[in-house]
Amino acid sequence: MNLLYKSYYFASYQCDHSRSFYIDFGHKQVKLSFCQLLAIRQKVQAIDLSSHFDKDLNYSGIEILSLCNREHLFVFDTLQVIDLKQLLKATFGVLELNSLVAH
Amino acid sequence: MKDIVRQKIGINVDVMDLLNEQISKEAHSAAVYLAMASWCDHNGLVYSAEFFYKQSAEEREHMLKIFKFINENGGTAYSPEVSNINHEYNSLQEIFETALDQEIQITKSINNIVTKCRKVQDYGSENFLQWFVKEQMEEENQFRRILEMFDLMGTDGIALKLIDERIKHE
Ligand SMILES: [Fe+2]
Ligand SMILES: [Fe+2]
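Residues numbered from 1 in each chain as written. Chains lettered and ligands numbered in written order. Predicted model: local features only at pLDDT ≥ 70, side-chain atom pairs only at ≥ 80, totals over all residues. Heavy atoms only, no water.

(A) Molecular detail of the nonpolar core. Of all hydrophobic cores here, the largest spans 48 residues; its most connected members are Phe21, Phe25 and Leu84 of chain A together with Leu19 and Leu129 of chain B. When near neighbours in sequence (up to four residues on either side) are disregarded, Leu19 of chain B contacts Ile11, Ile66, Phe69, Ile70, Ile113 and Leu129 of chain B. (Core = buried A, V, L, I, M, F, W, Y, C linked by side-chain atoms within 4.5 Å. Buried < 20%, exposed > 50% of the residue type's maximum accessible area, 1.4 Å probe, protein only. Contact = heavy atoms within 4.5 Å.)

(B) Fine view of the packing of aromatic side chains. Using the criterion set out here, one finds 19 aromatic pairs over all chains in the structure. Directly above the ring of Phe92 of chain A sits Arg41 of chain A, whose terminal nitrogen or CZ lies 5.0 Å from the centroid. Geometry around Trp131 of chain B places Lys65 of chain B over its ring, the cationic atom sitting 3.9 Å from the centre. (Phe/Tyr/Trp six-rings, centres within 6.5 Å; stacked < 30°, edge-to-face > 60°. Lys NZ or Arg CZ within 6 Å of the ring centre and 35° of its normal.)

(C) View of the environment of Ala46 of chain A. Residues and elements named next belong to chain A. Within the fold, Ala46 resides in helix H1 (residues 34-46). Assessed through its relative accessible area of 57%, Ala46 is described here as exposed. Sequence separation between Ala46 and Asp24 is 22 residues, and the spatial gap between their C-alpha atoms is 21 Å. (Helix = DSSP H or I, 4+ residues; strand = E, 2+ residues; numbered from the N terminus.)

(D) Summary view of the coordination of the iron ion (ligand 1). Residues and elements named next belong to chain B. Looking at the iron ion (ligand 1), one finds its protein donor set to be Glu26 (OE), Glu59 (OE) and His62 (ND1), positioned 2.1 to 2.2 Å from the metal centre. In the primary sequence, the donor residues of the iron ion (ligand 1) line up as E-x32-E-x2-H. In this model, the iron ion (ligand 1) sits 3.3 Å from the iron ion (ligand 2), the two metals being bridged by Glu59. With Glu26 in helix H2 (residues 13-42) and Glu59 in helix H3 (residues 46-72), the pair connects residues that are 33 residues apart, well separated along the chain. (Donors = N, O, S within 2.8 Å, 3.2 Å for Na, K, Ca; no water.)

(E) Representation of a nonpolar patch on the surface. Together, Tyr8, Tyr9, Phe53, Leu79 and Ile82 of chain A make up a nonpolar patch on the protein surface, roughly 600 Å² of accessible area in all. Note that Tyr9 of chain A resides in the loop between strand E1 (2-6) and strand E2 (11-15). (Patch = residues over 30% accessible without salt bridge, like charges linked within 9 Å, V, L, I, M, F, W, Y side chains within 5 Å. Areas by Shrake-Rupley, 256 points an atom, 1.4 Å probe, with all protein chains shown as cover. Salt bridge = Lys/Arg side-chain N within 4 Å of Asp/Glu carboxyl O.)

(F) Local environment of the coordination of the iron ion (ligand 2). All names here are of chain B. Around the iron ion (ligand 2), the donor atoms from the protein are Glu59 (OE), Glu103 (OE), Glu103 (OE) and Glu139 (OE), and they sit 1.8 to 2.6 Å away. Geometry at the iron ion (ligand 2) is irregular, judged from its four donor atoms and the angles of 53 to 143 degrees they form at the metal. Of note, the donors binding the iron ion (ligand 2) are all from one chain and are spaced E-x43-E-x35-E. (Tetrahedral: all angles 85-135°; square planar, octahedral: opposite > 155°, others 65-115°.)

(G) Up close: the side chain of Asp122 of chain B. Residue and element names in this part refer to chain B. For Asp122, the position within the fold is in the loop between helix H4 (92-119) and helix H5 (123-153). One buried charged residue, Asp122, forms no salt bridge at all, with the nearest opposite charge on Arg6 at 7.3 Å. At 2.9 Å, the side chain of Asp122 forms a polar contact with the backbone nitrogen of Asn12. Leave out the neighbours within four places in its chain, and Asp122 touches Gly10, Ile11, Asn12, Val15 and Cys117. (Lys, Arg positive; Asp, Glu negative; His and termini not counted. Polar contact = N/O pair within 3.5 Å; in protein donor to acceptor, adjacent residues only side chain to side chain.)

(H) The arrangement of H2 of chain B in detail. Residue and element names in this part refer to chain B. If you check H2, its first and last C-alpha atoms are 44 Å apart, about what 30 residues at 1.5 Å a residue would give, namely 44 Å. With respect to burial, H2 is a largely interior element, 21 of its 30 residues being buried. Positive backbone phi, at 70 degrees, marks Gly44, one or two positions downstream of H2. (Expected span 1.5 Å × (residues − 1).)

(I) How the structure looks around the layout of surface pockets. Each pocket or cavity is described by its volume, and for the largest pocket that value is around 540 Å³. As for the largest pocket, its lining consists of 20 residues, and the residues nearest its centre are Glu96 and Ser99 of chain A together with Arg6, Asn12 and Val120 of chain B. Elements with a minimum of two residues in the lining of the largest pocket: helix H2 (78-102) of chain A together with helix H1 (4-8) and H2 of chain B. When residues of the lining of the largest pocket are assigned to their parent elements, the largest contribution, five residues, is made by H2 of chain A. Classifying every residue of the lining of the largest pocket by side-chain character gives eight nonpolar, five polar and seven charged. (1 Å grid on protein atoms, 1.4 Å probe; cavity = no way out; pocket = protein on both sides within 12 Å on 5 of 7 lines; lining within 4 Å. Points joined across faces, edges and corners; volume = space filled by probe spheres on them. Nonpolar A, V, L, I, M, F, W, Y, C, P; charged D, E, K, R; others polar.)

(J) Up close: the interface of chain B and chain A. With 18 residues of chain B at the contact, the number on the chain A side is 22 residues. Regarding the contact of chain B and chain A, the summed buried area is about 1700 Å², with carbon and sulfur atoms giving 56% of it. On the surface where chain B and chain A come into contact, there are two salt bridges. The closest approach of N and O atoms between Asp14 of chain B and Arg41 of chain A, which form a salt bridge, is 3.6 Å. In this structure, the connection of chain B to chain A is made through six residue pairs in polar contact (both at pLDDT 80 or more). When residues of the side of chain B that touches chain A are traced back to their parent elements, those giving at least two are H1 and H2 of chain B. Counting residues per element, the side of chain B that touches chain A draws most heavily on H1 of chain B, which supplies five residues. (Buried area = accessible area lost by both parts, 1.4 Å probe.)

The structure is reproduced here in structure tokens:
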């Protein structure tokens, strides 16, 4: 497995052998197809961080995410959400760099 | 390390994001034209209503075209949410002006994606978008032609009826 990116709480990997990706959430490692990785990216990008600093919009400051067609359910606090956004952005950045050097 | 991403998806991921945003915009256009059709219908402008029903269907076609393109190339297209549709207009002229402005915004948006395609060398997507570049020029021109009728004929009673009749042929 190749480490793609390690953020403060999480890490992402690519497995050449199974042609898939992994995200290590700390307490749990989740295997993802590329499609599922895209779906996570979409969901995380769509999280409105500013709502976490507004009591009316997001009172508890948590975010509930279901992944892989509701196979997994996660609850993240604000710091974890910031970290997750960073993780996905950097992961896709590394993947793009890999594309550039691979061809 | 293998380039699994490239094996799975034929278009650039950032371009895919922009195309998904475009899906939303086309869906929004479709809904706006539907609202305009309703206004025309209520105000006895039958041919204009017909015109906007047709425009609305075309925008939905555009949306589907992009939707399928993303999915066919290994990406994920997202079904759009549509909100904020205005139903209040003061005149038919205002409607056509609003429609032209909307088309101009769409043209800008398409051009912006083409620019991004070139930057990341996603020539497949760029080639796909050329159809939209041409389509936008035609649509803008169509609305411009109609607005010129208002300049020529004015906007009071009988002129309005005449313009509506002419729109039948657009
Ligand atoms: Fe369109
Ligand atoms: Fe259009």
